[in-house]
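# Report on the structure
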Amino acid sequence: MRFALPLTATCLAGTLMAQAPDTVFLEELTWTELRDLVAAGTTTIIIPTGGTEQNGPHMVLGKHNVLVKHKAGEAARRLGDALVAPVMAYVPEGDVDPPTSHMRFPGTITTPPLVFEQVLEYAARSFKQHGFVDIALLGDSGGNQASQAAVAERLNAEWADTPVRVHHLTDYYPGQGDDWLVEQGVAAEDVGSHAGMHDTASFLFLDPSKLRLDQMERGTGPTGNGVVGHPGRSTAAFGEQILEMQIDAAVRQIERLRTSSRP
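Residues numbered from 1 in each chain as written. Predicted model: local features only at pLDDT ≥ 70, side-chain atom pairs only at ≥ 80, totals over all residues. Heavy atoms only, no water.

### Points about helix α4 (residues 113-129)
- The terminal C-alpha atoms of α4, which comprises 17 residues, lie 24 Å apart, in line with the 24 Å expected from a rise of 1.5 Å per residue.
- Taken together, the buried positions of α4 are occupied by F116, E117, L120, E121, A124 and F127. When α4 is viewed along its axis, its buried side chains cluster within an angular range of 130 degrees and face the same direction. Facing away from the buried side of α4, by more than 90 degrees, are the exposed residues L114 and Q129.
- Check the buried side of α4 and you find it contacts β1 (44-49), β3 (134-139) and α5 (145-158).
- Two residues or fewer after α4 comes G131, characterised by a positive phi angle close to 105 degrees. (Helix = DSSP H or I, 4+ residues; strand = E, 2+ residues; numbered from the N terminus. Expected span 1.5 Å × (residues − 1). Buried < 20%, exposed > 50% of the residue type's maximum accessible area, 1.4 Å probe, protein only. Arc of directions from axis to C-beta. Contact = heavy atoms within 4.5 Å.)

What follows is the structure, given as structure tokens:
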């Protein structure tokens, strides 16, 4: 006995086959969709690097990963010919034994800088193989910056005679957000430098569920509650402006480097 597919399934299959992918995230594409996008001129890939680390009692451990994925996605959409790689969530966060830096707090995950660099390097090598010519490294954490710069320098030297360039984005992080908050009359010690107003305000605008609003207490430093700054001074309006400045900085630098990095 032969069985026909239900009409709804047949129609759905036909609909899906006709749809163009409406995403900038690599992991949401099929390999054939990616192949066709690259062939049509989408040859910029953004590799976001985040981190899994303590962010005080009021903010989730995956702060960097959530924020950098959002900002990379918005940057790619504005560029119009760019995609976003999966976020690198395991980055240098200190030593394991004895624990240093954020590793003194439960939940932090660390990798040695050389391991981080090797993973980042081979992600870039993979994208070169698949036809991307501009590979932008978008780092949302201070501990990622030196390794990104080293990888970009090493691969650009190796690939100097090819069209491919790796861009370590320096205008995005830490960006203008902290200085802008001070310009608005906020004390620098309240702005802080870790899990303070910058990221707290961003989440108040983007996704408050990543915050524990009843735990937004003044920071007591890296040997106290892990917070440097006063997250309680944050507002969603501050966060909206900070996010916009970082996304705009990333877009402008990618556009500039796609031209200036070549003869």
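Structure shown, so let's carry the discussion forward.
### Side note on the sheet that holds strand β2 (residues 82-84)
- In space, the four strands of this open sheet follow the order β2-β1-β3-β4, with parallel pairing throughout. A single partner strand is all that each edge strand has here, and the edge strands are β2 and β4 (165-168). Across this sheet, the average inter-strand angle for adjacent strands is 20 degrees, counted without regard to direction.
- One ladder, built from three bridges, connects β1 with β2; its direction is parallel. (Pairing = 2+ DSSP bridges. Axes fitted to C-alpha atoms, helices over the stretch in contact; angles between N-to-C directions.)

### Overview of the pattern of salt bridges
- On inspection of all chains with the given rule, the structure shows 18 salt bridges.
- Notably, a salt bridge pairs R125 with E158, separated by 2.8 Å at the nearest N-O pair. Of this pair, R125 sits in helix α4 while E158 is found in helix α5, placing the two residues 33 residues apart along the sequence.
- On the basis of relative accessible area, R125 is assigned to the partly exposed category, the value being 24%.
- Where D134 meets R262, a salt bridge forms, and the shortest distance between an N and an O atom there is 3.0 Å. Taken together, the positions of D134 in strand β3 and R262 in the segment after α9 (236-260) put the pair 128 residues apart, joining distant regions of the chain.
- By relative accessible area, D134 is classed as buried at 5%. (Salt bridge = Lys/Arg side-chain N within 4 Å of Asp/Glu carboxyl O.)

### Considering the pairing of β1
- Counted residue by residue, β1 has six buried out of six residues, so it is predominantly covered.
- Side chains of β1 alternate between two faces, with T44, I46 and P48 and I45, I47 and T49 buried alike.
- The β-α-β motif built from β1, the intervening helix α3 (residues 63-79) and the parallel element β2 has right-handed crossover chirality.
- Pairing of β1 with β3, which is carried by six bridges, proceeds in the parallel orientation. Residue pairing across strands places T49 opposite G139, the latter belonging to β3. (Right-handed = clockwise from strand over helix to strand, strands pointing away.)

### Some points on the packing of helix α8 (residues 197-206) against α9
- Relative orientation of the contacting elements α8 and α9 amounts to 100 degrees, with a least axis distance of 7 Å. Our classification of the angle between α8 and α9 gives roughly perpendicular. Across from M197, H198, A201, S202, L204, F205 and L206 in α8, the residues of α9 making contact are A236, F238, G239, E240, I242, L243 and Q246. (Parallel < 35°, antiparallel > 145°, perpendicular 65-115°, else oblique.)

### Regarding the nonpolar core
- I47, F127 and I135 are the most contacted members of the largest nonpolar core, which has 23 residues in total.
- The set of elements that each furnish at least two residues to this core consists of α2 (31-39), β1, α4, β3 and α5.
- Setting aside residues no more than four positions away along its own chain, I47 makes contact with A85, M88, L120, A123, A124, F127, I135, A136, L137 and L138. (Core = buried A, V, L, I, M, F, W, Y, C linked by side-chain atoms within 4.5 Å.)

### Focus: the environment of S141
- Here S141 lies in the loop between β3 and α5.
- Since its relative accessible area comes to 6%, S141 is described here as buried.
- Separated by 50 residues in the primary sequence, S141 and V91 have C-alpha atoms spaced 8.9 Å apart.
- Ignoring any residue separated from it by four or fewer positions in sequence, one finds S141 in contact with T49, G50, E53, H64 and Y173.

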